[in-house]
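Below are the chains, spelled out letter by letter.
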Amino acid sequence: MRVLMMTDLEGVSGVVTFRDHSYPDGRYYERSMRLLTAEVNAAVEGLLEEGATDVLVIDGHGSGGIWFEDLHPKARLLHGRLSADTLMPDDAGTYDVAMIIGQHAMAGVERGNLNHTQSSKNVEYYKLNGRLIGEIAQFALYTGALEIPMIFLSGDDAACREADELIPGITTVSVKEGLGRNSAISLSAFEARRRIGEGVKNAVVNHRKSPVAPLKWQGPYVLEKRFFHTDTADRACAMPGVERVDSQTVRLHSDNVLEIIYA
Ligand SMILES: [Zn+2]
């Protein structure tokens, strides 16, 4: 079993504010990275116990979320300043299952702790074919198009609800309960890791008993992005084929979800 593990910083227990915890100049930023890395390691350990042979961890947090020195000895890390072209390995289609550790809810979810879609400072919403999507759907649709099912997610309670609604049969573990965009009730770091380790094992067992289907939506695809400011929309329009809907909104069109979902 080869595992593709997306990670993010804002759905980790103990990480609750943008200013102090998840922006690179935040006073607890390094601490947040260590917390994420420990949650990832708990998941890797659970996966190894269930027979995983390869775990590729993707550092999905823009400015970096994994504290490299502490990464589980058996995991490999895809990291750096990632773009649509480098976010996934070239052989992504050869992995058997996908999962996300440390995920937050999409932009605009009330009480979703640290809710945002890609850029917390620029994006009001993403819609794919008229339906609001966040980073969970982006990853699940990308891996789904490669026939890889997303079997597990950990994050705050709103991220877990988002995943449950999107992917029938997914196993989720909530490590904190959002009270607002910058406040939450966190489990202890120890308990969060324990639940993630158990949850990942349950996810593999559940998937073996009753396989989770790769997530696929019918094309053709229209990805609408609405930004808070006009200059972000200006920059988005520099890409060929992007349609300007209004001063703050653009649309991308494609028959291939892989080409559009991280564009
Ligand atoms: Zn994110």
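Residues numbered from 1 in each chain as written. Predicted model: local features only at pLDDT ≥ 70, side-chain atom pairs only at ≥ 80, totals over all residues.

Q: Hey, could you run me through unusual backbone geometry in this one?
A: Comment: phi is negative for the bulk of residues other than glycine, and the bulk of peptide bonds are trans. Note that the residue after Gly219, namely Pro220, is joined by a cis bond; omega there is -5°. For Pro220, the position within the fold is in the loop between helix H5 (189-209) and strand S10 (221-227). Positive phi is not limited to glycine here, since Arg111 has a value of about 65°. Looking at where Arg111 falls in the secondary structure, it is placed in the loop between strand S4 (97-103) and strand S5 (123-128). The exposure class assigned to Arg111 is partly exposed, which follows from the 16 C-beta atoms found within 10 Å. Positioned with a positive phi, Asn129 is a non-glycine residue whose angle comes to about 50°. Following the sequence through the fold, Asn129 ends up in the loop between S5 and strand S6 (131-133). (Helix = DSSP H or I, 4+ residues; strand = E, 2+ residues; numbered from the N terminus. Buried ≥ 20, exposed ≤ 12 C-beta atoms within 10 Å, placed from the backbone.)

Q: Help me understand the nonpolar core in this model?
A: The nonpolar side chains of a soluble globular protein tend to be buried with one another. Judged by nonpolar contacts, the single largest core of 68 residues is most densely connected at Val3, Met5, Ala43, Met99, Met150 and Leu153. The dominant element in this core, judged by the number of residues it contributes, is helix H2 (residues 29-49), at 9 residues. Among residues more than four places away in sequence, those in contact with Met5 are Val40, Ala43, Val55, Leu56, Val57, Ile58, Met99 and Ile101. (Core = buried A, V, L, I, M, F, W, Y, C linked by C-beta atoms within 7 Å. Contact = placed C-beta atoms within 7 Å.)

Q: Got a minute to help me understand helix H3 (residues 135-145) in this structure?
A: Spacing of three or four residues puts side chains on the same side of an α-helix, whose turn is 3.6 residues. Within H3, 11 of the 11 residues are buried, which leaves it mostly tucked inside the rest of the structure. Looking at the residues trailing H3, positive phi occurs at Glu147, about 70°.

Q: What's the story with the sheet that holds S5 in this structure? I'm lost.
A: By definition, the strands of a sheet pair up through backbone hydrogen bonds, in either a parallel or an antiparallel sense. Pairing within the open sheet is antiparallel, and its 5 strands lie in the order S6-S5-S10-S12-S11. The sheet is open, and its two edges are formed by S6 and strand S11 (243-246), each paired on a single side. Strand-to-strand twist of the sheet, defined as the mean angle between neighbouring strand axes without regard to direction, takes the value 30°. Of the pairings in the sheet, the one linking S5 to S10 comprises 5 bridges and is antiparallel in character. Counterpart to Leu128 in the pairing with S10 is Leu223. (Pairing = 2+ DSSP bridges. Axes fitted to C-alpha atoms, helices over the stretch in contact; angles between N-to-C directions.)

Q: Explain the environment of Leu179 to me, please; I cannot follow it from the model alone.
A: Here Leu179 is to be found in strand S8 (residues 171-180). Using a count of 12 C-beta atoms within 10 Å as the deciding quantity, one classes Leu179 as exposed. Distance from Leu179 to Val16, taken between C-alpha atoms, is 9.9 Å for residues 163 residues apart in sequence. Dropping the residues within four chain positions of it, Leu179 is found in contact with Arg111, Ala184 and Ile185.

Q: What is the right way to look at the packing of H2 against H5 in this model?
A: The relative placement of two packed helices is expressed as an angle between their axes plus a distance between the axes. It is at 8 Å that the axes of H2 and H5 come closest, and there the two elements cross at 30°. By the angle between their axes, H2 is roughly parallel relative to H5. When the axes of H2 and H5 are compared, the crossing they make is right-handed. Contact residues: Leu35, Ala38, Glu39, Ala42, Ala43, Glu45, Gly46, Leu47 and Glu49 in H2; Ala189, Ala192, Arg193, Ile196, Gly197, Val200 and Lys201 in H5. Taken together, the residues of the contact of H2 with H5 sort by class into 9 nonpolar, 2 polar and 5 charged. (Parallel < 35°, antiparallel > 145°, perpendicular 65-115°, else oblique. Left-handed = near helix turned anticlockwise from the far one by under 90°. Nonpolar A, V, L, I, M, F, W, Y, C, P; charged D, E, K, R; others polar.)

Interpretation in functional terms is not warranted from these geometric data alone.
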